[in-house]
Amino acid sequence: MAKAHELVVYVNGKRHHLPSGAADWTLLQYLRHVGLSGTKLGCGEGGCGACTVMVSRRNVQTGKIEHRAVNACLCALYSVENCHVITVEGIGNLRRGLHPVQEKLAHAHGSQCGFCTPGFVMSMYALLRSKHEPPTEEEIEEALAGNLCRCTGYRPILDAFRVFAKADTQAYAQELGGNGVQGVTSGGIESGGKKICPGTGLPCENGCSRQKVCSRSEAHDGKKQNVDHNNDDAELIFPPELMTRTPEALHLPGKTCTWHRPTDLTSLLDTKQQAPNAKIIVGNTEVGIEMKFKHAGYPQLVDGSAIPELNEIHVVEESLVVGSSVTLSTLVDYLRSNTQCKGTDMAVAFLRQLKWFAGLQIRNAAAIGGNICTASPISDLNPLLISCNATFEVQSKGNTSRFIQANAFFLGYRKTAMQPEEVLVRVHIPLSKPFEYVQEFKQAHRRDDDIAIVNAGMRVRFKPPEGADPLWLVEDVAIAYGGVAPCTVIARDTAAFLVGKPWTQDTLRIALDIASQEIKVGKEAPGGMVEFRNSLVTSFLFKFFACSGLKLSSDAGEQAVGEMPAGARSAAKPYERPPSKGLQYWGPPADGRKLCDERIPVGEPVMHMAAELQVTGEAQYSDDCWPAGTLVGALVASKYPHAKIVSIDPSNAIVMEGVHGFFSARDVPGSNAIGAVALDEECFATDEVTAVGQPIGILVAETEQQARAAALKVHVEYEELHPILSIKDAIAANSEYEGEGHSIVKGDARSAFDSGEYLIMEGECRIGGQEHFYLEPQNTLVVPGEGSEISMFSSTQAPMKHQKMVASVLGVSANKVVCRTKRIGGGFGGKETRSFYVACAAAVPAYLLKRPVRLCLDRDEDMQTSGHRHAFLCRYKLAYTAQGKLVAIDAHLYNNAGNSLDLSTSIMDRALLHLDNVYNIPHMTCKGHVCKTNQMSNTAFRGFGGPQGMLVMEMILEKVAASVGKSAVEVREMNFYKVGEKTHYGQALENARHLDCWTQVIENSEYHCRRLAVDEFNRASKLRKRGISVVPTKFGISFTTKFLNQAGALVHIYTDGTVLLTHGGVEMGQGLHTKVAQITAATLGIPLSSVYVAETATDKVPNASPTAASASSDMYGAAALDACQQLVARLKPYMDKLPGKTFKEVVNAAYLDRVDLSAHGFYKTPDVEGFGSCRPFNYFCFGASVSEVEIDRLTGDFQVLRTDIVMDAGNPLNPAIDVGQVEGAFVQGMGWCCIEELVWGDSEHKWVKPGQLHTRGPGTYKIPTANDIPIDFRVSLLTGKPNNRAVASSKAVGEPPFFLSTSVFFAIQDAIRAARVEDSNSLDFTLDSPATPERIRLLSADKLTGWQIAEDIRPNGSW
Ligand SMILES: Cc1cc2nc3c(=O)[nH]c(=O)nc-3n(C[C@H](O)[C@H](O)[C@H](O)COP(=O)(O)OP(=O)(O)OC[C@H]3O[C@@H](n4cnc5c(N)ncnc54)[C@H](O)[C@@H]3O)c2cc1C
Ligand code: FES
Ligand code: FES
């Protein structure tokens, strides 16, 4: 039994006694501290879901056990006292057996880099545990909305979990095609398939037809493990001790923070009376962020979750009364189930708003009181509460309750009418009455888990007419907006006008006019997007008018309202998204694809080799395990984009507790100069800083908290210098890296321009950058050895670069420095060169202190300092025929390289090489300009400049099509290369497959019929428009720097017949190790399970090129093949001598005969000559895609209805992995061109500090979620087209599909065009990339909402 005040938590069934003095710890810190490293830190701000765990607690009121998924990174450690925490390690592992959720995810190829995987597993697991019947597909998608994955494109994850959904029996079937033709359908399930058990997700012969989730899984030890998700006994049980143990009042003093947990209201009021500044926390989803990212220190935290009064929820006298600590998920459950609430307009509006409120993990933790008391201007609930006439009941010690109307509660930015000693006790929300309609609105960058740009709550009550006029009149109305001012605001004038008015178009027109005058975002308002936000004010009001009018006419008859405005029905159409579905198709293996052994053909869709480790959380990343005595580093970085360093004073920092030292440039033992190609960076800045985030020094301490706190105390004095913050600034200041911008010239563009024969056009394309958002942040662990030996465990795509740079910074030779990388949690190019400065910074103190030092960047630091995909700008001039044939182009491409050269020249080179995409333009002059700016150096990102080059060309072709009045499809086809023609740099298009992909995708997608259907839809729908587009791609494979096209591999055969494979490539989720192991197994004729890949290390395979350029499986596969072929040749005599013997027996015979059973293989890509030659590429990959979208003109919202892709992958080494790469690249590409927007402090965003990145975390920077992927997502690999220029006739697949996502961009542009046609607006408009809701809304410029947007508007961006 628990002793008094013993702090008890159960973790995975084991009793833990919580440490004292840990009031400011998060649950995640604790879990990782006790060695449970399966729970990952992706962002620390509740935005990625990598840290998801399940918390089970007994509800003291109901006595029931509640299971909820929560973000461990925000969950205060002491808040789980008396709870049971289950982490990914607790539900299954490789030894005991996988849990069905883990097993299904692994087998469905739902884990690539695996860093997000434990979070997805736990979200799904908690959903199953929390429900008493199988969830629906919608519930599954909703439960995963708070989990981000940057690799998979989500489809395989959704498919993996779909088997747990409630559906008809057919939905548990899956079809596996016969005859070697592999085709897997998801969502739409084919008949004739095998039965899959809804519980296990595995084929089941039991004939069990019950719809309940019944799991029966076979543990690896052979023991049956009955898993019934409704029965706690079958899973980790809720600890009996906690069944009876009620939460006690706690008072836990600590050094910096004291934790209080009152268990009754009187004690809470007492505490607040004694310490008015004590912070009440429930979910900690606001306070946690303030403490971590805004460095707010709260000496007293008061847990408000154990007070019965604050947890009550009931209906009293026609009002819903909600205790302030009631979590949002509990509120949702109540609104859905309580008979008095259910179905009322108020309840429906709250439910709809809460659906888009954060992710489920946040809703499970966050309370209604926290949302109200934070008084955020973008709170989603406050506008609704105001419009519903809610009242807030507050109380302080010794006083009776005070009731404050919601519309008088919010006084200013995060300021309320409550006194410091007061506590919000209850919220009273009147239930809506007949003829009273409530509507919620929210527009964000992304639908799921995003904070609002503008939101609103609106309510109107009608009364019957008094005279002969049949029109009903407005009796009461309330309208409140968020996101337009420092606090939620009320449109009082608009409401006053509406009272007593009939619901007619005249009323609407005047109301829109008043609202647009009354609610106006100021020109320089923080958050920017002024025109967009202002337009949303009237868009929402228009929608409210349409929705309420339609409801009233349905309830009271058509005569009750005036004629609805045109487009009312489409304006009122609610957002709907069915569960997504997909189709993946690949053809039969072509002849000759098998290397050696019939049993292990290369080309099998085998599971990622580490998938089972990843789903159980056993897969280790470099930050998962530190040796004893490891110190922790925190960077001291520049605050200015350009400044002289006047002085650095660490004196206040180095005296702090736990601090071991501060290290800056003067401490660097070797050379301070570092860089990817040119050594133009410094390990630590000396005299001048040239970007915000540039490292100036590193502070090293015993713990991360100590290091970070001390780093803040290092005083750096600067003298500010003029910064260059954008490409435009750089052009104006002529700021380029000299000699770095190359040119490609074909034909004579000038003569074509001067000939007078052609139409001429000039223009400018703008393409924004992109954050890599790998889920695992940059990190390294540097461990000194004897003498000057150094070992590094780094999350990098380029271990050799780490070795080289660290050796140089420390002044030691490369043979003493080893870099090891087991796997990385995503890289996408961001860890190709931008990881070594992290290693260099940590190496200096590790070397000097002779202690291991770990440095892991926080997400915001990582985003600010580690560079992005380059923003591009292109100024062009064209000559083209009246039919749309491009004759000449003169293009100047500018990229934003940032403050060092890094790889920007090669990235620009690739953009120039890809400018042609699949088009033969007779005359091309293209010149690259590598702009030097005061951003941290931008860097490699999937596609490496290629997508930017191709996007420029596609933007141009669409302009040409619009200019000559033809369809973009026709103009594209007219300009296609013909097979055998040469590119603008002179490489012949051997085996060109763009026409195959194009024709097939048009056919598969039924493009032409759907084009007609889209046009038909647009004729009938005024405010929702659809668009459809087809885009082709051609992507060159090879490093364009010749010497990088080399690779090594090492294969050891052991006498038990197993093989250890090591090669120079890094596993970052792309399945490289699996593919190379498949080649190894096939060549040696052994099962795949006999091959093991331990890690990538510079002491095993030296001088390896970075894992990049999509070429790794080609190169390392070929190098491994070379090693294996040497071994096969050595073993051949023994195979011949011992026919019918096993591999192990053959190997043993060779061993006894003293044969070397280890071989080093090497490969250099033949024929390639690099940039400047006419053969920069070994070969090309081709593809094409069709996407269809629907946009909401009034808000800029969009959905991708369907995407079809045909991708040329040669004979795939592993088609399942290749499909995963296609889907992942496509969704990441969609992020780039439609969703993700980097916002920098520059001339277009004056509300952000100069040179600061505003979008520094998942809260502000939005990558696609599962809800953003195409609703119908079909991927086919081109069949029967082997590639004779790569190993096993395969093709590279990592980068080539990325560009296909622009079919979504152009489909959006097509839909905007339809919107402009509708209102006779000019069709000469420019959609810059990304096509965010802001751009969609503003370019769709409608004349209905009373907010007149200039026809030629071009919203701001950071380029
Ligand atoms: C990833 C993420 C996504 C988010 N998405 C959204 C979103 O979509 N929409 C949105 O509106 N918000 C969003 N938020 C903000 C936040 O989740 C909400 O405001 C939430 O409701 C806060 O509740 P909490 O219990 O976590 O508050 P806490 O952090 O525990 O407390 C917040 C504040 O309220 C005060 N407080 C709490 N209870 C009382 C009380 N009874 N009396 C007096 N003061 C009290 C606290 O002292 C503190 O100042 C998001 C946050 C995160 C981290
Ligand atoms: S680490 Fe917790 S949500 Fe990202
Ligand atoms: S597998 Fe999801 S982030 Fe890598």
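Residues numbered from 1 in each chain as written. Chains lettered and ligands numbered in written order. Predicted model: local features only at pLDDT ≥ 70, side-chain atom pairs only at ≥ 80, totals over all residues. Heavy atoms only, no water.

Quick word on the nonpolar core
Formed by 297 residues in total, the largest nonpolar core has its most connected members in Phe161, Tyr481, Trp503 and Ile1308. The greatest single-element share of this core, amounting to 14 residues, is contributed by helix 17 (residues 530-556). When residues no more than four places from it in sequence are discounted, the contact partners of Tyr481 are Pro383, Val454, Asn455, Ala456, Met458, Thr488, Val489, Ala491, Ile519, Val537, Phe540 and Leu541. In this structure, Val11, Ala23, Phe293 and Val394 belong to the second largest nonpolar core, which totals 81 residues. (Core = buried A, V, L, I, M, F, W, Y, C linked by side-chain atoms within 4.5 Å. Buried < 20%, exposed > 50% of the residue type's maximum accessible area, 1.4 Å probe, protein only. Helix = DSSP H or I, 4+ residues; strand = E, 2+ residues; numbered from the N terminus. Contact = heavy atoms within 4.5 Å.)

Remarks on the site of ligand 1
Lys279, Ile280, Val282, Thr285 and Asp380 are the nearest of the 31 residues found near ligand 1. In the environment of ligand 1, an oxygen atom lies 3.0 Å from a nitrogen or oxygen atom belonging to the backbone of Asn284. The contact in question runs from an oxygen atom of ligand 1 to an N or O atom on the side chain of Asn371, over 2.9 Å. With the chains in place, 92% of the 990 Å² that ligand 1 exposes on its own is no longer accessible. For the shell around ligand 1, the secondary-structure elements that each account for two or more residues are strand 13 (279-281), helix 13 (368-374) and strand 21 (423-430). It is helix 13 that contributes the most residues to the shell around ligand 1, four residues altogether. A breakdown of the residues in the shell around ligand 1 according to their chemical character gives 16 nonpolar, nine polar and six charged. (Near = heavy atom within 4 Å. Polar contact = N/O pair within 3.5 Å; in protein donor to acceptor, adjacent residues only side chain to side chain. Areas by Shrake-Rupley, 256 points an atom, 1.4 Å probe, with all protein chains shown as cover. Nonpolar A, V, L, I, M, F, W, Y, C, P; charged D, E, K, R; others polar.)

As for the sheet that holds strand 2 (residues 14-17)
Overall, mixed pairing links the five strands, which are arranged 2-1-5-3-4 in an open sheet. Of all the strands in the sheet, just strand 2 and strand 4 (65-71) have a single pairing partner and so form its edges. Each strand axis lies, on average, 30° off the axis of its neighbour in the sheet, ignoring direction. Pairing of strand 3 (residues 52-58) with strand 5 (residues 84-86), which is carried by three bridges, proceeds in the antiparallel orientation. The residue bridging Ser56 from the neighbouring strand is His84, located in strand 5. The strands that helix 4 (residues 117-130) touches are strand 3, strand 4 and strand 5; relative to strand 3, the one it contacts most, it runs at about 25°. (Pairing = 2+ DSSP bridges. Axes fitted to C-alpha atoms, helices over the stretch in contact; angles between N-to-C directions.)

A short note on the UniProt feature "active site" (unreviewed entry) in the protein chain
What UniProt calls "active site" (unreviewed entry) maps, in this numbering, to Glu1295. Residue classification places Glu1295 among the buried residues on the basis of a relative accessible area of 9%. Glu1295 has contacts with Arg942, Gly943, Phe944, Phe1035, Ala1109 and Ser1110, leaving out every residue within four places of it along the chain. Side-chain polar atoms of Glu1295 contact the backbone nitrogen of Gly943, separated by 2.7 Å. (UniProt positions renumbered as here; feature names shortened; annotations may be inferred.)

Re the state of the cysteines
Taken as a whole and assessed by the stated rule, the structure comprises zero disulfides. The cysteine Cys373 is free of any disulfide, with Cys487 supplying the nearest cysteine sulfur at 15 Å. The exposure class of Cys373 is partly exposed, given its relative accessible area of 30%. With no disulfide of its own, Cys874 lies 5.0 Å from the sulfur of Cys765, the closest cysteine sulfur. Relative accessible area serves as the criterion here: at 0%, Cys874 is assigned to the buried category. (Disulfide = S-S within 2.5 Å.)

Things to note about the pattern of salt bridges
Evaluated as defined, the whole model comprises 82 salt bridges. The salt bridge partner of Glu436 is Arg459, with a shortest N-O separation of 2.7 Å. Placement of the pair is Glu436 in strand 22 (residues 436-443) and Arg459 in strand 23 (residues 454-463), with a sequence separation of 23 residues. Considered together, Glu436 and Arg459 belong to a single accessibility category, that of buried residues. Note that Glu958 and Arg1313 form a salt bridge whose closest N and O atoms lie 3.5 Å from each other. With a gap of 355 residues between them, Glu958 in helix 28 (residues 946-964) and Arg1313 in helix 36 (residues 1302-1318) connect regions that are remote in the sequence. Judged by relative accessible area, which is 6%, Glu958 ranks as buried. (Salt bridge = Lys/Arg side-chain N within 4 Å of Asp/Glu carboxyl O.)

Quick word on the packing of helix 3 (residues 100-107) against helix 4
Angle between the axes and distance between the axes are the two parameters that describe a pair of packed helices. At a closest axis distance of 9 Å, the pairing of helix 3 and helix 4 adopts a crossing angle of 135°. Between helix 3 and helix 4, the interaxial angle falls into the category oblique. As helix 3 runs across helix 4, the sense of the crossing is right-handed. On the side of helix 3, the interface is formed by Val101, Gln102 and Leu105, while helix 4 contributes Thr117, Phe120, Val121, Met124, Tyr125 and Leu128. Split by residue class, the contact of helix 3 with helix 4 holds seven nonpolar, two polar and no charged. (Parallel < 35°, antiparallel > 145°, perpendicular 65-115°, else oblique. Left-handed = near helix turned anticlockwise from the far one by under 90°.)

What about unusual backbone geometry?
The residue after Ser1329, namely Pro1330, is reached through a cis peptide bond having omega 10°. If you trace the backbone, Pro1330 turns up in the loop between helix 36 and helix 37 (1333-1339). Phi angles above zero are rare outside glycine, and Asn82 is one such case at about 80°. Look at Asn82 and you get buried, because its relative accessible area is 7%. Phi at Asn284 is positive, roughly 65°, even though this residue is not glycine.

A closer look at the environment of Pro1333
Structurally, Pro1333 can be placed in helix 37. Since its relative accessible area comes to 2%, Pro1333 is described here as buried. Pro1333 sits 801 residues away from Phe532 along the chain, and the two C-alpha atoms are 8.8 Å apart.

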